[in-house]
Amino acid sequence: MANTSERGGSPEQAALALFRQVAERVPGYGAFLAEHGVRPGDVTTPADFARLPMTTKENYIRRHPLPAVCRDGVIGDMIAVSSGSTGAPTFWPRSAADEAAVADRFEQVLADAFGARGERTLAVVCFALGTWVGGLFTLACCRHLAARGLPITAIAPGTDKREILRVIPELAPHFDQVVLLGYPPFLKDVIDAGAAAGVPWADYRLGLVTAGEVFSEEWRTLVCERAGIPDPVLRTASLYGTADAGVLANETPLSIDARRFLASRPEAARELFGAARLPTLAQYDPYSRLFETDGGTLLFTGDNGVPLIRYHIADEGGLIGHEELLSFLRARGHRPAVPTEPALPFVYVFGRGRFAVSYYGANVYPENVSVGLEQPEVNAMVTGKFVMEVVEDESRDRRLHITVEAAPGLDLAGDRGAELAIGVAVLAQLRRLNGEFATYVPPDRQPPVIRLRPAGDPEHFPPGVKHRYTRH
């Protein structure tokens with residue numbers, strides 16, 4: 001939407017201006033509006049805008065050829081790929097202008113929080129490379145910041161752990177700080193492996209930028225201790241992003257300070273977020289990405305290679321005003337010990353709890369696991385019902401756990417042979433169907449932990465209750 005120099009009205013007015021442009025210049029969106037009986041000229045106020053039909057991947061992106069959802073029917077200069085529940089790719093064109101807008105979020109983290117304007121910074125991109133959106137997008141944004149004059153040097157070993165641990169000791173002494181950017185469990189693996197190999201993390205003044213998963217504050221504390229990071233509030237940040245539109249929001253020292261306070265006050269967190277689990281809490285620029293909520297889920301409007309208007313991403317979460325959160329904290333005796341400016345609003349994100357679990361940044365969907373359970377070598381053992389969850393052990397390492405319902409009449413609970421056979425079948429299908437899983441998750445972390453439970457197990461498979469395939 002509007003950049004800083006163009007801001008003269010409200011974020012809602014900026015979204016209206018983008019809507020008018022997209023309705024005129026994006027063929028697929030014009031067709032979408034016509035299908036819903038919307039005349040663009042009738043949309044003149046924020047209230048009109050809020051009544052526009054929501055777009056989704058299913059009702060908009062997949063119903064039109066790729067050029068039709070791009071401005072003027074022209075595909076951008078680069079394409080990234082994401083895969084959904086079937087593993088079928090979705091293509092997301094983007095341009096240098098898109099990257100420049102997203103680079104503002106990286107600048108807020110690297111420059112404003114980590115001090116990269118005045119310190120020589122080695123940015124080590126540990127996201128998956130190739131057509132997947134994370135690695136190359138992050139690398140491009142780091143280079144945009146360098147072009148703006150920040151003393152940032154980027155290197156992109158991707159998810160090659162040995163290469164990461166080879167290049168950092170060689171290069172780190174030439175810089176004031178080192179920042180690792182990657183999925184949370186993978187960065188923990190890197191830090192643990194480096195410590196075992198004698199890498200002196202504390203000497204490198206490490207910073208961590210993560211994306212793709214919600215993690216606990218206990219996880220943040222432990223990883224910082226192992227990495228020699230003395231202040232998690234000032235030296236870590238999580239990004240909230242999607243393949244659809246890049247980075248939508250990011251943690252700031254203020255949001256991290258607030259989240260750590262709320263993690264120590266579960267009752268306050270439940271009151272604020274309406275749930276027992278702690279979401280990611282980030283700040284966003286409403287002129288760049290205007291968020292709305294619908295039934296406890298998020299949608300946003302933003303300009304990209306594929307401009308998106310009221311795009312429903314199905315992430316469970318909500319919005320909190322800047323002063324609203326500060327007042328909530330003050331009322332409970334907490335005054336953040338970090339700057340409270342800029343006065344940006346907050347978005348909190350639980351993720352897509354009803355549909356998938358996030359593991360090493362890959363969305364693992366129930367459909368992928370179902371195919372594994374339907375294979376001839378195991379389908380007679382099971383009913384097809386299961387529960388997926390990502391479990392963190394005492395060392396804060398994560399594994400994908402799948403509790404599977406045994407077929408009625410079979411006493412398979414704890415049968416290691418059956419559990420191993422199911423694990424092999426499920427893993428083969430996860431690798432076959434889910435490109436993100438095969439690419440993002442390190443091979444030694446890919447085999448799921450399978451637990452068989454009797455049919456009708458009251459904890460996981462109570463009869464007469466609508467089954468949920470994921471647990472958080």
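Higher on the page you've got the structure.
This text gives an overview of the structure that appears in the document. On a predicted model such as this, the values are computed, not experimentally measured, just so you know. (Residues numbered from 1 in each chain as written. Predicted model: local features only at pLDDT ≥ 70, side-chain atom pairs only at ≥ 80, totals over all residues. Heavy atoms only, no water.)

**A closer look at the packing of aromatic side chains**
Condition: Pairing of aromatic side chains requires ring centres within 6.5 Å, counting the rings of Phe and Tyr and the six-membered ring of Trp. Pairs whose planes differ by under 30 degrees are stacked, by over 60 edge-to-face, and all others tilted. A run of DSSP states H or I qualifies as a helix once it reaches four residues; a run of E qualifies as a strand once it reaches two. Both are numbered from the N-terminal end. Residue exposure (1.4 Å probe, protein chains only): buried if accessible area is under 20% of the type maximum, exposed if over 50%, otherwise partly exposed. The criterion for a charge sitting over a ring is simple: Lys NZ or Arg CZ within 6 Å of the ring centre, and within 35 degrees of the ring normal.
The full count for this structure, using the stated rule, is 18 aromatic pairs. Taken together, a centroid distance of 6.0 Å and an interplanar angle of 85° make the contact between Tyr29 and Tyr60 edge-to-face. Here Tyr60 lies in the loop between helix 3 (46-50) and strand 1 (78-83) and Tyr29 lies in helix 2 (residues 27-35), a separation of 31 residues in the sequence. Each member of the pair, Tyr29 as well as Tyr60, is classed as buried. Consider the rings of Trp132 and Tyr440, whose centres lie 5.9 Å apart with planes at 75°: the pair is edge-to-face. Here Tyr440 lies in helix 15 (residues 435-440) and Trp132 lies in the loop between strand 3 (121-125) and helix 5 (133-147), a separation of 308 residues in the sequence. Residue Trp132 is classed as buried on the basis of its relative accessible area, which comes to 14%. In textbook terms, an aromatic cluster arises when at least three aromatic residues are bridged by ring pairs, as seen for Trp92, Tyr240, Tyr284, Phe291, Phe300 and Tyr311. One cation-aromatic arrangement involves Arg259 over Phe215; the distance from NZ or CZ to the ring centre is 5.8 Å.

**Examining the pattern of salt bridges**
Applicable threshold: A pair is scored as a salt bridge if a Lys or Arg side-chain nitrogen falls within 4 Å of a carboxyl oxygen belonging to Asp or Glu.
In total, this model carries 32 salt bridges according to the counting rule given. Here Arg166 and Glu163 are joined by a salt bridge, their closest N and O atoms 2.8 Å apart. Of this pair, Arg166 and Glu163 both sit in helix 6 (residues 161-171), three residues apart, which is roughly one turn of the helix. Using a relative accessible area of 25% as the deciding quantity, one classes Glu163 as partly exposed.

**Points about the nonpolar core**
Under the convention used in this document: As used here, the term nonpolar core means buried Ala, Val, Leu, Ile, Met, Phe, Trp, Tyr and Cys residues forming a set that is joined through side-chain atoms within 4.5 Å. Should any heavy atoms of two residues lie within 4.5 Å, those residues are counted as being in contact.
Within the largest apolar cluster, 119 residues are counted, with the highest numbers of intra-cluster contacts made by Tyr29, Leu180 and Trp201. Excluding residues that lie within four positions of it along the chain, Trp201 makes contacts with Leu165, Ile168, Leu180, Val190, Ile191, Gly194, Ala195, Leu206, Arg226 and Ala227. One finds Ile256, Ala258, Phe261 and Leu262 within the second-largest nonpolar core, a separate group that totals 21 residues.

**Description of helix 7 (residues 184-196)**
The following threshold applies: Any helix carries an expected span of 1.5 Å times its number of residues minus one.
Relative to the 18 Å expected for 13 residues at 1.5 Å per residue, helix 7 spans 18 Å between its end C-alpha atoms, a close match to the ideal helical length. Among all positions of helix 7, only Pro184, Pro185, Phe186, Leu187, Lys188, Asp189, Val190, Ile191 and Gly194 are buried. Looking at the packing, one finds that the buried side of helix 7 touches helix 6, strand 5 (177-182), strand 6 (206-211), helix 8 (217-227) and strand 17 (398-406). Backbone geometry just downstream of helix 7 places Gly198 in the positive-phi region, at approximately 90°.

**Some thoughts on empty space enclosed by the protein**
Condition: Buriedness of a pocket was judged along seven lines, with at least five required to meet protein on both sides within 12 Å; pockets are open sets of points on a 1 Å grid over the protein atoms alone, cavities are sets where a 1.4 Å probe fits but cannot get out, and lining residues have an atom within 4 Å of a point. Grid points are joined across faces, edges and corners, and a volume is the space filled by probe spheres set on the points. All amino acids are sorted into three groups, where Ala, Val, Leu, Ile, Met, Phe, Trp, Tyr, Cys and Pro are nonpolar, Asp, Glu, Lys and Arg are charged, and the leftover types, Gly among them, are polar.
Summed over the entire model, instances satisfying the criterion amount to two cavities of 30 Å³ or more. In terms of lining, the largest cavity is formed by 16 residues, of which the most central are Pro93, Arg94, Phe137, Asp244 and Ala245. Mapped onto the lining of the largest cavity, the elements with two or more residues apiece are strand 2 (89-94), helix 4 (96-113) and helix 5. Element by element, the count of residues in the lining of the largest cavity is highest for strand 2, at three residues. Within the lining of the largest cavity, the residues separate by chemical class into nine nonpolar, three polar and four charged. Estimates place the volume of the second largest cavity at around 50 Å³. Around the second largest cavity, the lining residues are Leu208, Thr210, Phe215, Trp219, Arg220, Val223, Cys224, Thr236, Ala237, Ser238 and Glu251. At the level of elements, strand 6, helix 8 and strand 7 (236-242) are the ones that each hand at least two residues to the lining of the second largest cavity.

Geometry only, nothing functional implied.
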